[in-house]
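Coordinate inspection notes
Now for the letters of each chain:
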Amino acid sequence: MQKALEYALSTRTYEKQRHLRFSGTKNFRDLGGYATDDGRTVRWNVLYRSDSLHKLTNADLKFISALNLVRIIDFRAPYEALREPDRLPDDLAVHALNLPMEDSSTKVWHEAREEMVKNIKTLDPVQYMTQTNVELATKFTPEYRLFFRELLASNGDPFLFHCAAGKDRTGFAAACILRILGVPYESVLEDYLLTNQYLLDGYRREIFVAGLLRGKRFAEGIRGFMRADERYLSAAFTAIEEQYASFDNYVRNGLLLGEQDIAKLREYYLV
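Residues numbered from 1 in each chain as written. Predicted model: local features only at pLDDT ≥ 70, side-chain atom pairs only at ≥ 80, totals over all residues. Heavy atoms only, no water.

Comments concerning the overall build of the protein chain
A tally of regular secondary structure across the protein chain gives 15 helices and 5 strands. With 271 residues in all, the protein chain has 51% of them scored as buried. Partitioning the contacts of the protein chain with sequence separation of at least 6, the portion at a separation of at least 24 is 77%. If you sum the accessible surface of the protein chain, you get close to 12700 Å²; carbon and sulfur atoms cover 51% of it. (Helix = DSSP H or I, 4+ residues; strand = E, 2+ residues; numbered from the N terminus. Buried < 20%, exposed > 50% of the residue type's maximum accessible area, 1.4 Å probe, protein only. Contact = heavy atoms within 4.5 Å. Areas by Shrake-Rupley, 256 points an atom, 1.4 Å probe, with all protein chains shown as cover.)

This is the structure we're talking about:
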């Protein structure tokens, strides 16, 4: 079993294999394979992003152990992690670190969960999710600063980061990593939008049933909050431009990454 898992990982080198098929997650992905502006490529099998890990099956636990992760970052707020704690093998649990972020959409869903569900037909997902992404780029800079310190400390060994859906908090982190590595924005956006292929499509049946039971507008509201939209990520980077004048300034003055730090990240994660 172990040899089969290792073989599967070693041969997972094509774009179509970006998605790791765990039974208990829907949006677990490898950031490898993207080309940079200078002709290099992001390494496979070292940078992973995911949604929540609380539903991992016994078979999933064997698979995730085979990734040889040295650090697992959980961006979820404390009550999210308490309600749905990650299910990890004992040898990986000690490598987990919570860097909690409670953005606007997460907070509203937690504080008024039943009311949100009841009124979701009248809510504007674009408004909520745009605000969330602006906050990720501004309010939570200290958390992302710590995140990059952990990434540097991993010395290029396999590293996983996740939130609840693997879409916003995780999506912004992934976008920053790729941009720092020199991946063009078009590819960064492509990676961000893959959430729609894996997470949104993964819940297609549940959304369809919700529409049958509670109406089409209810289902559209749920879909709107789960969707990755180009406008959301764009809002984050627009906020960075407004606050820091450029992404490079955000990296230097917000994330506090110097030239040596950037060089190390590129040495670790590019081939």
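Let's pick the thread back up.
Considerations on helix α7 (residues 125-138)
Compared with the 20 Å implied by 1.5 Å per residue over 14 residues, the 20 Å span of α7 between its first and last C-alpha is a close match. The complete set of buried residues in α7 reads Pro 125, Met 129, Thr 132, Asn 133, Glu 135, Leu 136 and Ala 137. (Expected span 1.5 Å × (residues − 1).)

Here we look at the environment of Ala 165
Residue position: Ala 165 is located in the loop between β5 (159-162) and α9 (169-181). Looking at Ala 165, the relative accessible area reads 24%, which means it is partly exposed. The sequence separation of Ala 165 and Leu 199 amounts to 34 residues, and the corresponding C-alpha distance is 7.4 Å. Contacts of Ala 165, omitting those with residues within four sequence positions, involve Asn 27, Asp 51 and Leu 199.

Details of the nonpolar core
Core analysis: the biggest nonpolar cluster contains 55 residues, and Leu 47, Phe 75, Tyr 144, Phe 147, Phe 148, Phe 161 and Phe 172 have the highest contact counts within it. Of all elements in the fold, only α7, α8 (141-153), β5, α9, α10 (185-202), α13 (230-244), α14 (247-254) and α15 (259-269) reach the threshold of two or more residues within this core. The greatest single-element share of this core, amounting to 9 residues, is contributed by α9. Setting aside chain neighbours within four positions, we find Phe 147 in contact with Ile 73, Phe 75, Leu 99, Phe 159, Phe 161, Ala 173 and Ile 177. By size, the runner-up hydrophobic cluster in this structure holds 15 residues, among which are Leu 53, Leu 56, Leu 67 and Ile 72. (Core = buried A, V, L, I, M, F, W, Y, C linked by side-chain atoms within 4.5 Å.)

Looking at the pattern of salt bridges
Inspection of the entire model under this criterion finds 10 salt bridges. The salt bridge involving Asp 191 is made with Arg 29; its shortest N-O contact spans 3.4 Å. Separated by 162 residues along the polypeptide, Asp 191 in helix α10 and Arg 29 in strand β1 (residues 29-30) bring together distant segments of the chain. A relative accessible area of 1% places Asp 191 in the buried class. Ionic pairing is found between Arg 169 and Glu 80, a salt bridge with its closest N-O pair at 2.8 Å. Note that Arg 169 is positioned in helix α9 and Glu 80 in helix α3 (residues 78-83), a separation of 89 residues in sequence. Looking at Glu 80, the relative accessible area reads 8%, which means it is buried. Put simply, Arg 29, Arg 49 and Asp 191 are held in one network by salt bridges that share partners. (Salt bridge = Lys/Arg side-chain N within 4 Å of Asp/Glu carboxyl O.)

What to know about α15
Side chains of residues three or four places apart in an α-helix project in the same direction, reflecting 3.6 residues per turn. Among all positions of α15, only Asp 261, Ile 262, Leu 265, Tyr 268 and Tyr 269 are buried. For α15, the angular spread of the buried residues around the axis is 125 degrees, confining them to a single face. Counted as exposed and oriented over 90 degrees from the buried face of α15: Glu 259, Gln 260 and Glu 267. Buried residues in α15 make contact with β2 (47-50), α8, α9 and α14. (Arc of directions from axis to C-beta.)

Some words on the packing of aromatic side chains
With the rule as written, the count across this model stands at 17 aromatic pairs. Look at Phe 147 and Phe 159: their rings are 5.7 Å apart centre to centre, the planes differ by 75 degrees, and that puts the pair in the edge-to-face class. Taken together, the positions of Phe 147 in helix α8 and Phe 159 in strand β5 put the pair 12 residues apart, joining distant regions of the chain. Phe 159 sits in the buried class, given a relative accessible area of 0%. Through successive ring pairs, a cluster of aromatic residues spans Phe 75, Tyr 144, Phe 147, Phe 148, Phe 159, Phe 161, Phe 172, Tyr 185, Phe 237, Tyr 244, Phe 247 and Tyr 250. Taking NZ or CZ as reference, Arg 18 lies 4.0 Å from the ring centre of Tyr 34, over its face. The aromatic ring of Phe 237 is capped on one face by Arg 179, whose charged end is 4.7 Å from the ring centroid. (Phe/Tyr/Trp six-rings, centres within 6.5 Å; stacked < 30°, edge-to-face > 60°. Lys NZ or Arg CZ within 6 Å of the ring centre and 35° of its normal.)

Section: the pairing of strand β3 (residues 71-74)
Burial of the side chains of β3 extends over both faces: Arg 71 and Ile 73 are buried on one face and Ile 72 and Asp 74 on the other. Summarising the sheet, β3 and β5 pair through 4 bridges and their orientation is parallel. Across the sheet, residue Asp 74 finds its bridge partner in β5, namely His 162. By the bridge criterion, 3 bridges tie β3 to strand β4 (residues 96-98) in an arrangement that is parallel. Pairing of Asp 74 across the sheet is with Asn 98, part of β4. (Pairing = 2+ DSSP bridges.)

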